[in-house]
Amino acid sequence: FKSKNNELLDVGQEDNQVTNSASQDTYRSLCVSFTCISLQMEEFLGPQAEYNEEEEERKYYRRKRLGVIKNVLAASFGAMIVYSVYMGLLQMQLILHYDMTYREVKYSNLGLEDIDRKMLMGINVTPIISLLYTPVLIRFLGTKWMMFLASGIYALFVSTNYWERYYTLVPSAAAIGVAIVPFWASLGNYITRMAQQYYEYVNYREEHVQEQKKLPKGACHRYIIVFQSVFSSIFNLSFVFAEFPMRFVLNGHLNTNKHILHSVKTCGANITGLIPGFNTTILERLPRSMLLIEVESILMGFAFLAMIIVRFLLLCGAAYRPTEEIDLRSIGWGNIFQLPFKHLRDYRLRLLCPFFIYSGFETMFAVTGFSLSYGVCVLGLDKLWLLIVVYGLSCSVFSSLSLSLLYFPRWVCLVAGAAVHVTLIVVLLALPLRPNNPEMLGPLLVISALWGLGSALNKTGVSTVLGLLYAEEKERLDFVYAIYHWWQAIAIFIVYLWSNLPMRAKLSILLATLLVACYCYWLMERRLLKKVSFRLPRIPRPRHKVKGYRYLEEDNSDESGSENSDGEEEDGKGDGAEDHLPPPWRPPQPRLSSRLLPSYLSHINNYNIY
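Everything numeric in this text was worked out from a predicted model, so none of it was measured. For every chain, the first residue of the written sequence is number 1, and numbering continues from 1 onward in sequence order. Note on the predicted model: pLDDT of at least 70 is required for a residue's local features to be given, and 80 or more for side-chain atom pairs to be given and counted; whole-chain, interface and lining totals, by contrast, use all residues. Computation of side-chain values: all heavy atoms of the structure, hydrogens and water removed.

Examining helix α17 (residues 384-398)
The periodicity of an α-helix, 3.6 residues per turn, causes residues three or four positions apart to be oriented the same way.
Piece 1. Taking 1.5 Å per residue, 15 residues should reach 21 Å; α17 reaches 21 Å between its end C-alpha atoms and fits that length.
Piece 2. Along α17, the residues classified as buried are L384, L387, I388, V389, Y391, G392, S394, C395 and S396.
Piece 3. By definition in these notes, contact holds between two residues if any of their heavy atoms fall within 4.5 Å. For helices the rule is a DSSP run of H or I covering at least 4 residues; for strands it is a run of E covering at least 2, with both sets numbered from the N terminus onward. The secondary structure elements touched by the buried residues of α17 are α2 (53-98), α9 (221-235), α10 (238-241), α11 (244-250), α16 (347-379) and α19 (441-469). Expected helix span is computed as 1.5 Å times (number of residues minus one). Each residue's exposure class comes from its accessible area (1.4 Å probe, protein chains only) as a fraction of the maximum for that residue type: buried when under 20%, exposed when over 50%, partly exposed otherwise.

Written as structure tokens, this is what we have:
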């Protein structure tokens with residue numbers, strides 16, 4: 001019995017030894033596993049041996065700079081496509097509706113003989129009141145979405161040509177007139193804001209950039225010059241692409257020049273109106289309805305391409321940070337409504353107004369007065385597309401000359417463009433012309449190219465000068481560009497009214513406006529050189545309530561750049577009166593209460609603060 005018990009004890013001891021050894025092996029394996037896991041976690045969470053923070057930061061801001069360049073190119077190509085579609089369709093429509101046979105066949109039973117007059121009235125008259133609503137729309141919708149909405153209105157105008165009635169064409173034309181000034185003001189604001197962003201991404205290490213302070217005087221001027229030049233070079237190609245419907249569709253249906261110009265007696269500066277005696281039957285045969293539908297469908301496709309793909313939804317980034325958009329919008333709608341008029345107290349804007357007006361005059365004269373009264377009257381309607389294509393290519397190529405402002409004073413572009421136009425106006429006043437004279441093709445093409453040179457210097461120069469004067473005032477850019485393009489719209493309306501004046505009177509008005517504009521610009525530069533202080537309106541600080549995810553305290557955390565009274569100025573040193581700007585606009589510094597911190601965190605993830 002004892003021997004059996006001893007055997008059982010031996011067996012138990014052996015089992016215990018086996019169990020202990022197994023548990024020890026398991027323990028060792030678990031220790032090894034936990035050690036490996038801890039080492040991996042430490043390696044994952046600890047500082048990376050191969051991670052270079054400065055290099056990653058540099059790569060990040062390089063991507064941001066490439067994004068800004070992408071935004072500028074997308075906005076430029078989008079604007080070019082939208083305007084080429086709009087101008088091409090409008091030109092084709094006006095030429096077709098001018099033909100008496102086409103109107104009788106298509107509109108005899110509908111009573112739409114004066115549809116063109118009412119449509120042009122809607123396009124040209126509506127922008128007169130645009131200064132009342134343009135800043136409100138831009139600040140309510142935002143710069144990017146205002147551009148998107150305006151391009152959608154242009155697409156709407158194209159679509160209404162499928163069903164030409166008073167209740168389709170006239171309202172869409174009036175909508176175009178409503179959208180013209182906001183569209184251009186948003187574009188000017190967007191390009192200048194991209195230059196400011198590019199400077200911030202290049203100098204991201206600077207203290208004033210990290211703290212989102214006001215930019216130093218003249219810091220982003222070089223980028224404004226480059227971006228405005230790129231935008232103008234691309235956009236002016238719209239005059240070229242707008243002639244595709246004329247060249248490839250309508251030219252094959254036109255009558256001969258002998259028939260069209262049979263009753264025309266004189267051309268150029270000696271005529272009254274556009275082309276007196278121009279034949280009312282300019283089409284040899286009517287284009288097929290299906291052909292016109294196909295052309296309109298292609299134009300419609302390009303309009304949607306510009307609106308959705310090329311432009312603002314996929315490629316164009318926001319002009320401002322979300323918090324900045326809130327600040328711009330929250331100063332009060334009444335103040336936003338009044339500030340454009342108050343900005344006219346600034347003598348810089350007042351003295352630039354004649355150039356704003358001349359900018360509208362000279363563009364409309366190039367595509368209507370010169371192209372018709374000189375080009376079509378002398379060369380025939382089949383050469384209209386060639387004159388405008390030469391003008392557009394000249395504008396596009398010579399817009400790059402504004403890059404000279406990187407090395408020369410800012411007045412160079414405007415003065416050079418004015419000198420070219422003064423010379424051409426004198427030549428046009430003295431040039432003897434007779435109708436149906438193909439030998440004048442060369443001289444007229446040279447005049448068209450030189451007029452494009454002057455237009456490029458003028459338009460790019462005005463936009464660049466505005467950007468340089470208000471480069472550090474990003475909260476004022478929408479007001480400034482709204483004033484600029486509102487005066488342009490007024491000039492276009494005046495051109496619409498003077499269509500029946502003698503050509504000599506039109507050229508005299510152009511010459512007088514240009515001389516006054518040059519004098520006023522010289523006066524502005526002289527005052528700036530003497531450091532005469534200018535008056536900027538006070539922009540009220542944002543009025544936030546204790547709501548939302550950001551402004552949760554009633555403390556005054558929003559310091560506006562114009563808190564001083566209208567008469568207060570700052571003394572400083574510099575080359576002009578920009579030194580007398582009010583204190584810099586500073587972004588608000590949010591102060592959060594612990595009670596609302598979770599709500600803040602849940603919302604802030606939805607925004608990209610960069």
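The structure having been displayed, the exposition proceeds.
Topic: the state of the cysteines
Piece 1. Working definition: a disulfide is two cysteine sulfur atoms within 2.5 Å of each other. For the structure on display, the rule yields one disulfide.
Piece 2. Here C267 is linked by a disulfide to C377, with a sulfur-sulfur distance of 1.8 Å. Given an S-S torsion of about -80°, the disulfide between C267 and C377 has left-handed geometry. On the criterion of sequence distance, the pair formed by C267 in the loop between α12 (257-260) and α13 (289-311) and C377 in helix α16 is long-range, its members being 110 residues apart. Per residue, the accessibility class of C267 equals that of C377, and both read buried.
Piece 3. Summary of cysteine pairing: C353 is not part of a disulfide, and the nearest cysteine sulfur, belonging to C520, is at 9.1 Å.

Observations concerning empty space enclosed by the protein
Piece 1. Buried and open spaces are told apart on a 1 Å grid over the protein atoms alone, a cavity being a set of points where a 1.4 Å probe fits but cannot get out and a pocket being an open set with protein on both sides within 12 Å along at least five of seven lines. Residues with an atom within 4 Å of a point are the lining residues. Grid points are joined across faces, edges and corners, and a volume is the space filled by probe spheres set on the points. If you walk through the whole model with that rule in mind, you get seven cavities of 30 Å³ or more.
Piece 2. In this structure, the largest cavity spans a volume of roughly 90 Å³.
Piece 3. Three classes are used: nonpolar for Ala, Val, Leu, Ile, Met, Phe, Trp, Tyr, Cys and Pro, charged for Asp, Glu, Lys and Arg, and polar for all others, with Gly counted as polar. Here the residues of the lining of the largest cavity sort into three nonpolar, two polar and seven charged.

Examining a nonpolar patch on the surface
Piece 1. Exposure above 30% relative accessible area and no salt bridge define the residues that can form patches, which grow by joining like charges within 9 Å and nonpolar side chains of Val, Leu, Ile, Met, Phe, Trp and Tyr within 5 Å. In this description, accessible areas are obtained by the Shrake-Rupley approach with a 1.4 Å probe, and a residue is regarded as covered only by the protein chains that are shown. We define a salt bridge as a side-chain nitrogen of Lys or Arg found within 4 Å of a carboxyl oxygen belonging to Asp or Glu. Judged by side-chain polarity, Y162, W163, Y167, M290 and I293 come together as a nonpolar surface patch covering roughly 570 Å² of accessible area.
Piece 2. Here Y167 lies in helix α7 (residues 166-202).
Piece 3. Judged by its relative accessible area of 59%, Y167 is exposed.

Some words on the packing of helix α18 (residues 412-430) against α19
Working note: a packed helix pair is described by the angle between its axes plus the distance between those axes.
Piece 1. Each axis is a line fitted through C-alpha atoms, taken for helices only over the stretch in contact, and angles between the N-to-C directions span 0 to 180 degrees. One way to put it is that α18 packs onto α19 with a least axis distance of 8 Å and a crossing angle of 150°. For the pair α18 and α19, the crossing hand works out as left-handed. Residues C413, L414, A416, G417, V420, H421, L424, I425, V427 and L428 of α18 pack against I447, L450, W451, L453, G454, S455, L457, N458, G461, V462 and V465 of α19.
Piece 2. Here the residues of the contact of α18 with α19 sort into 15 nonpolar, six polar and no charged. In this scheme the crossing of two helices becomes right-handed for a clockwise turn of the near helix relative to the far one and left-handed for an anticlockwise turn of less than a right angle.

Some remarks on helix α4 (residues 115-125)
Piece 1. Residues of α4 that are buried: I115, D116, M119, G122, I123 and N124.
Piece 2. Residues of α4 that are buried make contact with α2, α3 (100-107), α6 (143-160), α7 and α20 (477-497).

Considering the nonpolar core
Piece 1. Core analysis: the biggest nonpolar cluster contains 156 residues, and Y83, Y374, L444, W451 and L466 have the highest contact counts within it.
Piece 2. Setting aside residues no more than four positions away along its own chain, Y374 makes contact with G268, A269, G369, L428, L433, L444, M503 and L507. Side-chain atoms within 4.5 Å link the members of a nonpolar core, which is a set of buried Ala, Val, Leu, Ile, Met, Phe, Trp, Tyr and Cys residues.

Structural notes on the confidence of the model for the protein chain
Piece 1. By definition, pLDDT measures how confident the predictor is in each residue, and it falls between 0 and 100. In this model, the protein chain carries an average pLDDT of 80, and 78% of its residues clear a pLDDT of 70 or more.
Piece 2. Note on residues 546-610: pLDDT under 50 across the span, and 131 contacts to partners over four residues away in sequence or across chains.

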